[in-house]
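Tertiary structure, described
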Protein chains: 2
Amino acid sequence: MSDARPIGVFDSGVGGLTVIAALTRILPHEDIVYFGDTARVPYGTKSKETVTRFSVENIEFLMRKNVKLVIVACNTASSLSLDFLKRCFRVPILGVIDPGAKCAVSSTRNNRVGIIGTSATISSGAYDKAIKKINPRISVFGQSCPLFVPLAEEGWFNKSFTKDIAAFYLKPLKDRMIDTLILGCTHYPLMRDVIQAVMGKNVLLVDSAKEVAKEARIILDSSGLLKESHGVGRHCFFVSDEPGRFVKTARLFLRKRITCARKAV
Amino acid sequence: MSDARPIGVFDSGVGGLTVIAALTRILPHEDIVYFGDTARVPYGTKSKETVTRFSVENIEFLMRKNVKLVIVACNTASSLSLDFLKRCFRVPILGVIDPGAKCAVSSTRNNRVGIIGTSATISSGAYDKAIKKINPRISVFGQSCPLFVPLAEEGWFNKSFTKDIAAFYLKPLKDRMIDTLILGCTHYPLMRDVIQAVMGKNVLLVDSAKEVAKEARIILDSSGLLKESHGVGRHCFFVSDEPGRFVKTARLFLRKRITCARKAV
């Protein structure tokens, strides 16, 4: 059995391209339709009701593209809206929280895990609940880092003030002696070097994008939904604002040029 | 002649409350209806088409509240969309660009003016055009400062890295020897102290919010549209997302609590 329909991925904007990069490595033959809600980005400062409404609209768009699986690449939408979305749609829907949480649980040695993300992701407690459900003895410490996204989008990875800001945000987590840190926002892998430098080399950084791609493969494989092909998959990119800025920022995430982003209508 | 209808003010979010603060001082008797598009904030990274579409919807909301004048408090929307909005609606519409530009023109002594704002405001060249229209001999230098809004919203006005970031952004303007700097984003007056410290005390900072409030008084007065009353005006606040975060952040801008923000439906 095989299924040639594309995988649908949505994010509040450009950050979800980290998931596309991971999918490209792990499921290279699959076609992908990406939707970035660049007209309404960011989600991380907005309410559950609003993020859920936007997410429903985004999945409705992907459904019109006949997708076989939806990946909610946005940590905020996964944190606030996943349960509701799963009840709304028949297609399998995968968020980034559970895969990231599972990886952290299997990685920590001292049972002390940190999470960084948007204000909405952190205050939702979603990672906390997902980790405690697997192992209630793990202590979880959250920290929102609102400056990390604009710093990443400026491309300021090595500036001294970037390190100062990272040190300021991460100090409470260092003080808690965590040995595992979940990068709970799709932009944060871009900040990996400075985060690792601040936390020290003994702290393992978990990238949810990679974990969700692995889980997508397991789900498709177990349901006979993998595409049978040896060719490279086709990737289509849609955005809700004009694509110019998206295409420009995309290079930061994919390390290559996107040529075919279109405005969704 | 007098007119008891309210003044309508909209912004992409909470920043336009700097205009409310100025209106409260300059037109204390007037009723005001404020709309903050908190579900879709920010506008400063988005395209002209999208910002214009959002702005039309925002004014349609204000029109349903029977406003006598609309103030576009958002610098980005004023920069990208004002001409179109003026053609769409019969009510007088006032943006923040012209008032800020006029003040800068009358203030500069060496004919070298700087502007800081969002990426969209700066790349639109709107302040530049407005200034050159009054005095083409003035040189205008723009700089976008994307980190200023999240720094202001974190309340990090006095951190050493805030000063480092301000110094980094403002260096090109210092090098150009400007003597007047327009704070071309409603959040930036919150950063006034650090900006003034970096620029030096001889550089005059122009706050568009104050200037637009003065111009609103002139327009209402000259058209016989002022409200005849000695009571304090009523202010109503509407937002497109849940009001919780708006009410919290509002204190930074108004230095008092908003008690009556409602979600617009």
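Preceding this paragraph is the structure being described.
In this report, the structure presented in the accompanying data block is examined. (Residues numbered from 1 in each chain as written. Chains lettered and ligands numbered in written order. Predicted model: local features only at pLDDT ≥ 70, side-chain atom pairs only at ≥ 80, totals over all residues.)

**Quick look at the overall build of chain A**
What counts here: For the purposes of this entry, the term helix denotes a DSSP run of H or I that reaches at least four residues, the term strand denotes a run of E that reaches at least two, and both are numbered from the N terminus. All radius of gyration figures rest on C-alpha atoms, and the globule criterion is 2.2 Å times the number of residues raised to 0.38. For every residue, the other C-beta atoms within 10 Å of its own C-beta are counted; 20 or more classify it as buried, 12 or fewer as exposed, and values in between as partly exposed. C-beta atoms are placed from the backbone.
If you tally the helices and strands in chain A, you get eleven helices and ten strands. Compactness check: chain A gives a C-alpha radius of gyration of 18 Å against a globular reference of 18 Å for 265 residues, within 12% of the reference. Along the first, second and third principal axes, the C-alpha set of chain A runs to 50 × 40 × 40 Å. Relative to its full complement of 265 residues, chain A shows a buried share of 54%.

**Observations regarding the nonpolar core**
Nonpolar side chains in soluble globular proteins tend to end up buried together. Put simply, the test is: The nonpolar core is taken to be a set of buried Ala, Val, Leu, Ile, Met, Phe, Trp, Tyr and Cys residues joined by way of C-beta atoms within 7 Å. Throughout, a residue-residue contact means that the two C-beta atoms, derived from backbone geometry, are no farther apart than 7 Å.
The biggest cluster of nonpolar side chains holds 170 residues, and the ones touching the most others in it are A:Ile71, A:Val72, B:Ile71 and B:Val72. Not counting residues up to four positions away in its chain, the partners in contact with A:Val72 are A:Phe10, A:Ser55, A:Ala77, A:Ser78, A:Leu82, A:Leu85, A:Ile93, A:Leu94, A:Gly95 and A:Val96.

**Some points on the interface of chain B and chain A**
Keep this limit in mind: Under this grouping Gly is polar, as are all residues other than the nonpolar Ala, Val, Leu, Ile, Met, Phe, Trp, Tyr, Cys and Pro and the charged Asp, Glu, Lys and Arg.
Taken together, the contacts link 18 residues of chain B with 18 residues of chain A. At the level of secondary structure, the elements contributing two or more residues to the side of chain B that touches chain A comprise α2 (48-64), α7 (148-154) and α8 (160-175) of chain B. A total of four residues in the side of chain B that touches chain A trace back to one element, the largest contributor, which is α8(B). Split into classes, the residues belonging to the side of chain B that touches chain A amount to six nonpolar, four polar and eight charged.

**Regarding the relation of the copies chain B and chain A**
Selection criterion: Fitting of the copies onto one another was done by least squares over C-alpha atoms, counting residues only where both copies have pLDDT of at least 70.
For the pair chain B and chain A, the best superposition has an RMSD of 0.0 Å and corresponds to a rotation of 180° with a translation of 0.0 Å parallel to the axis. Here the transformation between the copies is reduced to the relation of a two-fold axis. Of the C-alpha atoms belonging to chain B, the one lying closest to the rotation axis is found on B:Arg40, 2.3 Å away. Here 100% of the contact residues of chain B are again contact residues in chain A; the copies associate through an equivalent surface.

So far we have only geometry, and geometry alone does not tell us how the molecule works.
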